[in-house]
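Chain by chain, the residues:
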Amino acid sequence: MIELTIGLVVLAIIFALIFGRNARQKRERAAEAARKAVESRVSETKNGRR
């Protein structure tokens, strides 16, 4: 019974590490895409005013 509990805890830790890393990468990619979109919009407005 103790071995089963330890195994489940280890599995839970591994899954948390995997999904936590994936979520962070997705957030970083979303932030990068948003930043690029803002930069392109800003450059468009600058070019349009000239």
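Check the entry above for the structure.
Residues numbered from 1 in each chain as written. Predicted model: local features only at pLDDT ≥ 70, side-chain atom pairs only at ≥ 80, totals over all residues. Heavy atoms only, no water.

Draft legend 1. Region of the structure containing the overall build of the protein chain. Counting its secondary structure elements, the protein chain contains 1 helix and 0 strands. For a compact globule of 50 residues, the expected C-alpha radius of gyration is about 10 Å, and the protein chain comes in at 22 Å, more than 25% above that figure. Reported as C-alpha extents along the three principal axes, the dimensions of the protein chain are approximately 75 × 5 × 5 Å. Classification of the 50 residues of the protein chain by burial places 0% in the buried group. A distance of 8 Å separates the average location of the 11 positive side-chain charges in the protein chain from that of its 5 negative side-chain charges. (Helix = DSSP H or I, 4+ residues; strand = E, 2+ residues; numbered from the N terminus. Rg over C-alpha atoms; globule rule 2.2 N^0.38 Å. Buried < 20%, exposed > 50% of the residue type's maximum accessible area, 1.4 Å probe, protein only. Lys, Arg positive; Asp, Glu negative; His and termini not counted. Charge placed at Lys NZ, Arg CZ, Asp CG, Glu CD.)

Draft legend 2. Region of the structure containing the packing of aromatic side chains. If you walk through the whole model with that rule in mind, you get 1 aromatic pair. Both rings, one in Phe-15 and one in Phe-19, keep their centres 6.1 Å apart while their planes meet at 15°; by these two values the pair is stacked. Here Phe-19 and Phe-15 lie together in helix α1 (residues 2-49), a separation of 4 residues that amounts to about one turn. Using a relative accessible area of 46% as the deciding quantity, one classes Phe-15 as partly exposed. (Phe/Tyr/Trp six-rings, centres within 6.5 Å; stacked < 30°, edge-to-face > 60°.)

Draft legend 3. Spotlight on a nonpolar patch on the surface. A grouping of Met-1, Ile-2, Leu-4, Ile-6, Leu-8, Val-10, Leu-11, Ile-14, Phe-15, Ile-18 and Phe-19 is seen on the molecular surface, where their side chains present a nonpolar patch of about 1200 Å² in accessible area. Counting through the fold element by element, Ile-6 comes out in helix α1. (Patch = residues over 30% accessible without salt bridge, like charges linked within 9 Å, V, L, I, M, F, W, Y side chains within 5 Å. Areas by Shrake-Rupley, 256 points an atom, 1.4 Å probe, with all protein chains shown as cover. Salt bridge = Lys/Arg side-chain N within 4 Å of Asp/Glu carboxyl O.)

Draft legend 4. How the structure looks around the pattern of salt bridges. Enumeration according to the criterion identifies 3 salt bridges in this entry. When the shortest N-O distance is used, the salt bridge between Arg-35 and Glu-32 registers 2.5 Å. In this pair, Arg-35 and Glu-32 both sit in helix α1, 3 residues apart, roughly one turn of the helix. By relative accessible area, Arg-35 is classed as partly exposed at 39%. The network of salt bridges with common partners includes Glu-32, Arg-35 and Glu-39.

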